[in-house]
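Tertiary structure, described
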Amino acid sequence: MGLDMYLYRATKKNREDLKHLEEVEDDLNRMWEPIIKNELPPDYYYLDGSVLNEHQLKLLGEMREEFERIEQQRRAIHDEMNGHTDSEEYNCGEIGYWRKFNALHNYIVDNFADGVDECQEIPLTKENVVQILDDLNKTIEILSTLNKVEREGHYYKYEVPEEIELPLIPRSGCFFGSLAIDECYENYVKRAIDVFSMIVREWNDDDMVWYQASW
């Protein structure tokens with residue numbers, strides 16, 4: 001439990017194909033809902049076939065085949081997205097992950113989602129990515145000018161004067177993690193610089209990049 005943060009990249013075609021599959025799956029669910037309700041028992045999908053009659057087995061087989069076709073197409077798209085990331089570290093188009101880096105989450109929600117924070121997908125343009133990268137670099141520059149306070153058993157903490165406002169401001173939330181401007185915060189910023197620098201460096205006009213969080 002906590003703030004999990006994901007950054008994704010895919011080609012526009014991959015995204016369109018996935019959206020289309022979602023629509024097809026929704027249509028199938030609407031079609032099968034009354035059939036299931038009227039003709040199949042509860043927990044139908046996992047029941048031993050011996051408890052179903054011939055007609056029910058036929059219906060169950062047809063339903064599984066239709067949904068399996070969709071799942072095969074989805075897996076094929078995910079394979080393409082995995083190849084597009086050029087990294088074994090991530091899957092299904094995922095090119096970045098942070099846990100409880102609430103300052104970056106706050107920054108993206110405020111700047112690119114009008115402050116709406118509902119775990120929704122937040123699309124990012126190249127200009128958005130460049131802006132994020134610029135402010136991450138500014139953050140590191142500011143940290144380099146600040147004093148550090150050693151704390152035994154904890155990350156060292158920065159002394160941030162009131163007149164200095166960091167571009168990425170920590171945000172409180174349920175299980176969002178620490179609000180401290182400390183070594184952990186600095187490491188998160190440096191990791192984010194690596195990720196967003198890679199995105200800018202490899203940007204392709206056929207790409208789509210989006211951010212999504214969950215908690």
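Here's what I pulled together on the structure shown here. All values derive from a computational prediction rather than experimental measurement.

This part covers the overall build of the chain. Scanning the chain from terminus to terminus reveals five helices and six strands. The N-to-C order of helical and strand elements in the chain reads β-α-α-β-α-β-α-β-β-α-β. Scaling as 2.2 N^0.38, a compact globule of 215 residues should have a C-alpha radius of gyration of about 17 Å, whereas the chain reaches 23 Å, well beyond that. Across its three principal directions, the C-alpha atoms of the chain cover 75 × 40 × 30 Å. The long-range share in the chain, meaning contacts at least 24 apart out of those at least 6 apart in sequence, stands at 75%. Of the roughly 12800 Å² of accessible surface on the chain, 47% is carried by carbon and sulfur atoms. Taking the average place of the 23 positive charges on the side chains of the chain and the average place of its 47 negative ones, the gap between the two points comes to 1 Å.

Moving on, we get to the packing of aromatic side chains. Here the structure, examined in full by the defined rule, presents eight aromatic pairs. Relative to Phe-196, the ring of Trp-98 has its centre 6.1 Å away and its plane inclined at 10°; by these criteria the two rings are stacked. Taken together, the residues Trp-98 in strand S2 (residues 94–99) and Phe-196 in helix H5 (residues 183–201) connect sequence positions 98 residues apart. Each of the two residues, Trp-98 as well as Phe-196, counts as buried.

If you trace the backbone, Cys-119 turns up in the loop between helix H3 (102–112) and strand S3 (122–124). Between the alpha carbons of Cys-119 and Met-5 there is a distance of 9.5 Å; along the sequence they are 114 residues apart. If near-sequence neighbours (up to four positions away) are discounted, Cys-119 is found in contact with Gln-212, Ala-213, Ser-214 and Trp-215.

Looking now at the environment of Lys-58. Locating Lys-58 in the fold gives a position in helix H2 (residues 54–85). For Lys-58, a relative accessible area of 52% translates into the label exposed. A polar contact is formed between the side chain of Lys-58 and the side chain of Glu-62, at a distance of 2.5 Å.

In this structure, Leu-7, Phe-101, Leu-104, Leu-124, Phe-196 and Ile-199 are the most contacted members of the largest nonpolar core, which totals 40 residues. Broken down by secondary-structure element, the contributors of at least two residues to this core are strand S1 (4–11), S2, H3, S3, helix H4 (126–143), H5 and strand S6 (207–214). Ranked by residue count, the leading element in this core is H5, at eight residues. One finds Leu-18, Trp-32, Leu-59 and Leu-60 within the second-largest nonpolar core, a separate group that totals 17 residues.

Glancing now at the packing of H4 against H5. Look at H4 against H5: their axes get within 9 Å of each other, and the N-to-C directions meet at 145°. In this structure, H4 meets H5 at a crossing whose hand is left-handed. Side by side, H4 and H5 meet where Val-129, Val-130, Ile-132, Leu-133, Leu-136, Asn-137, Thr-139, Ile-140 and Leu-143 of the first sit next to Tyr-185, Glu-186, Val-189, Lys-190, Ala-192, Ile-193, Phe-196, Ser-197, Ile-199 and Val-200 of the second. Per-class residue counts for the contact of H4 with H5 are 14 nonpolar, three polar and two charged.

A few words now on the packing of H3 against H4. H4 packs onto H3 with a crossing angle of 140° between their chain directions and a minimal axis gap of 12 Å. The angle between H3 and H4 falls in the class oblique. Handedness of the crossing formed by H3 with H4: right-handed. Facing H3, whose interface residues are Leu-104, Tyr-107, Ile-108, Asn-111 and Phe-112, H4 presents Asn-128, Gln-131, Ile-132 and Asp-135.

Now for unusual backbone geometry. Of note in the backbone geometry, Lys-100 takes a positive phi value of approximately 65° without being a glycine. Position of Lys-100 among the secondary structure elements: in the loop between S2 and H3. Within the chain, Cys-119 stands out as a residue other than glycine whose phi angle is a positive 60°.

With seven of its eight residues buried, S1 lies for the most part within the structure. Two strands pair when backbone bridges link them, and S1 and S2 are joined in this way by five bridges, in the antiparallel orientation. Across the sheet, Tyr-8 pairs through a bridge with Glu-94, a residue of S2. Taken together, the eight bridges between S1 and S6 define a ladder with antiparallel strand orientation. Bridge assignment links Leu-7 to a residue of S6, and that residue is Tyr-211.

Conventions adopted
Residues numbered from 1 in each chain as written. Predicted model: local features only at pLDDT ≥ 70, side-chain atom pairs only at ≥ 80, totals over all residues. Heavy atoms only, no water. Helix = DSSP H or I, 4+ residues; strand = E, 2+ residues; numbered from the N terminus. Rg over C-alpha atoms; globule rule 2.2 N^0.38 Å. Contact = heavy atoms within 4.5 Å. Areas by Shrake-Rupley, 256 points an atom, 1.4 Å probe, with all protein chains shown as cover. Lys, Arg positive; Asp, Glu negative; His and termini not counted. Charge placed at Lys NZ, Arg CZ, Asp CG, Glu CD. Phe/Tyr/Trp six-rings, centres within 6.5 Å; stacked < 30°, edge-to-face > 60°. Buried < 20%, exposed > 50% of the residue type's maximum accessible area, 1.4 Å probe, protein only. Polar contact = N/O pair within 3.5 Å; in protein donor to acceptor, adjacent residues only side chain to side chain. Core = buried A, V, L, I, M, F, W, Y, C linked by side-chain atoms within 4.5 Å. Axes fitted to C-alpha atoms, helices over the stretch in contact; angles between N-to-C directions. Left-handed = near helix turned anticlockwise from the far one by under 90°. Nonpolar A, V, L, I, M, F, W, Y, C, P; charged D, E, K, R; others polar. Parallel < 35°, antiparallel > 145°, perpendicular 65-115°, else oblique. Pairing = 2+ DSSP bridges.

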